[in-house]
Amino acid sequence: MSAIAANFATDYQDARRKFCAAAAASGGQLRSYRNPTLGPDGGRLFMDTARFGDDGASNMLVLMAATHGVEGFCGSGAMVNWLLGGGPPRLPRNVGALLIHGVNPHGFAWIRRVNEDNVDINRNFVDHAKPYPPNDGYAEIAGALKPPAWDEPSLAAAQKVLDSYAQQHGAFGLQAAVTGGQYTHPDGIFFGGHKPTWSNRTIRAVIRNELGHARRIGCIDFHTGLGPFGHGEIIGIGDPALSAFARQKAWYGDELTSPQDGTSTSAVVVGVVMDAFPQEAPDAEFTGIALEYGTYPVPEVLEAVRRDNWLHQHGDLRSAQGREMKAYMQERFYPAGAKWAELVWARAEEVIGKAVRGLTA
Ligand SMILES: [Zn+2]
């Protein structure tokens, strides 16, 4: 295995060890926030942060891993390669860095996208005092997404419903209904929650603790599951008409995509984790993107999420079927083998470079 791939982890605890060791060896100031749940091995779970650079650095690079749990293998491996590859000492003067590892450590450890409450963290940052955004499409197919049993008759009936929806609305219409976020089915998938989650509350505390001094923040949130194998799509955040989006374009160039204008592989989603930065650090100019790495075709990725949801509610994780579903899930969000890991790091290094140049422009 290559040295780059070896910096990617085999499980959550391995990822945490690698991250904390590399951050400490690079002179980072570490803080850990304990999640109230445990991992499948009984191990404790944390959101860990590491800060680099002068305490008063006004420009801050922020890297985030595991907003979507299992997708954390990608961001974790990129961070460890950045640390061990001499990232911190190469930062320009007046640029610091904050690495946030294990935004959703429960999902990371349990090989899930969701957290301990079955909530999608990247749909949870809406204003919970206001009416939730509707998703009529999801309501139409909710039963098919979580069939009563995982047997041939139930699955065949469910498939009919999904196929018919795709025929009426197109494949991307189906993807949007499934992944756009929903607030009506707590036992479903892509559920945004009915209150701020632990990860939501904790990351707000992290921003206040670590970024209060910042004047400019450049954030990269690592994700996986959409796009061609190993390709990292730079997804812009927010309305393309706003000045924040123009700044994202200036930093990252024409390859920046937007769900709002139809150039992204992602459907429009609301309540993303990056919404917390302008709220908790209002004096800083915030420029955030999601770096979304492709793995397998979208139908396989959504099927993995659907199986995982069914498994945790009705199945047995220790059964042969449970282990098979978990392996399917992990591969769809963290493909095995050195090739994918090397593609992830090569692209991450390039995109981090753009963020640093943007911060100092
Ligand atoms: Zn994601």
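Residues numbered from 1 in each chain as written. Predicted model: local features only at pLDDT ≥ 70, side-chain atom pairs only at ≥ 80, totals over all residues.

A few words on helix 8 (residues 198-211). Taking 1.5 Å as the rise per residue, helix 8 with 14 residues should run 20 Å; its terminal C-alpha atoms sit 19 Å apart, in good agreement. Turning to helix 8, its buried residues are Trp 198, Ser 199, Asn 200, Thr 202, Ile 203, Val 206, Ile 207, Glu 210 and Leu 211. Buried positions along helix 8 lie against strand 1 (29-38), strand 2 (44-52), strand 3 (59-65), strand 4 (95-101), strand 5 (216-229) and helix 10 (276-280). (Helix = DSSP H or I, 4+ residues; strand = E, 2+ residues; numbered from the N terminus. Expected span 1.5 Å × (residues − 1). Buried ≥ 20, exposed ≤ 12 C-beta atoms within 10 Å, placed from the backbone. Contact = placed C-beta atoms within 7 Å.)

Ordered by their spatial adjacency, seven strands build an open sheet running 1-2-4-3-5-7-6, and the pairing between neighbours is mixed. Lying at the two open borders of the sheet, with one neighbouring strand each, are strand 1 and strand 6 (232-236). Each neighbouring strand pair of the sheet contributes to a mean axis angle of 20 degrees, computed without reference to strand direction. With five bridges joining them, strand 2 and strand 4 adopt antiparallel strand pairing. Across the sheet, Thr 49 pairs through a bridge with Ile 100, a residue of strand 4. (Pairing = 2+ DSSP bridges. Axes fitted to C-alpha atoms, helices over the stretch in contact; angles between N-to-C directions.)

We now examine the domain arrangement of the protein. Taken domain by domain, the protein comprises domain 1 (3-126 + 196-296 + 335-360) and domain 2 (136-189 + 301-325). Measuring from the centre of the C-alpha atoms in domain 1 to the corresponding centre in domain 2 gives 28 Å. At the junction of the two partners, domain 1 supplies 13 residues and domain 2 supplies ten residues. When grouped by side-chain class, the residues that make up the side of domain 1 that touches domain 2 number five nonpolar, four polar and four charged. (Domains from an automatic or database assignment. Nonpolar A, V, L, I, M, F, W, Y, C, P; charged D, E, K, R; others polar.)

This part takes up unusual backbone geometry. For Asn 94, which is not glycine, the phi torsion reads 70 degrees and is therefore positive. By secondary structure assignment, the location of Asn 94 is in the loop between helix 4 (87-90) and strand 4. Even without being a glycine, Phe 190 presents a positive backbone phi close to 55 degrees. You can see Phe 190 is positioned in the loop between helix 7 (152-179) and helix 8.

Our next topic: the pairing of strand 1. When strand 1 meets strand 2, the two strands line up antiparallel, connected through seven bridges. Bridge pairing in strand 2 links Arg 31 to Thr 49. Counting the residues between successive antiparallel strands, the hairpin from strand 1 to strand 2 contains five residues, one of them, Gly 42, with a positive phi of roughly 85 degrees.

Within the largest apolar cluster, 97 residues are counted, with the highest numbers of intra-cluster contacts made by Met 60, Leu 61, Val 62, Met 79, Ile 100, Val 103 and Ile 217. Per-element tally for this core: the top contributor is helix 13 (residues 338-360), with nine residues. Shared between two domains, this core holds at least three residues of each, these being domain 1 (3-126 + 196-296 + 335-360) and domain 2 (136-189 + 301-325). Beyond its immediate stretch of four places on either side in the chain, Met 60 contacts Gly 96, Ala 97, Leu 98, Leu 211, Ala 214 and Ile 217. (Core = buried A, V, L, I, M, F, W, Y, C linked by C-beta atoms within 7 Å.)

Here the focus is helix 7. Within an α-helix, residues lying three or four positions from one another point in the same direction, as the helix has 3.6 residues per turn. An ideal rise of 1.5 Å per residue puts 40 Å on 28 residues; helix 7 reaches only 25 Å between its terminal C-alpha atoms. Most pronounced at His 169, the bend in helix 7 amounts to some 115 degrees. When helix 7 is considered as a whole, its buried residues turn out to be Leu 174, Gln 175, Ala 176, Ala 177, Val 178 and Thr 179. Buried residues in helix 7 make contact with helix 6 (136-145) and helix 11 (298-314). (Bend = angle between axes of the 7 residues up to and from the residue.)

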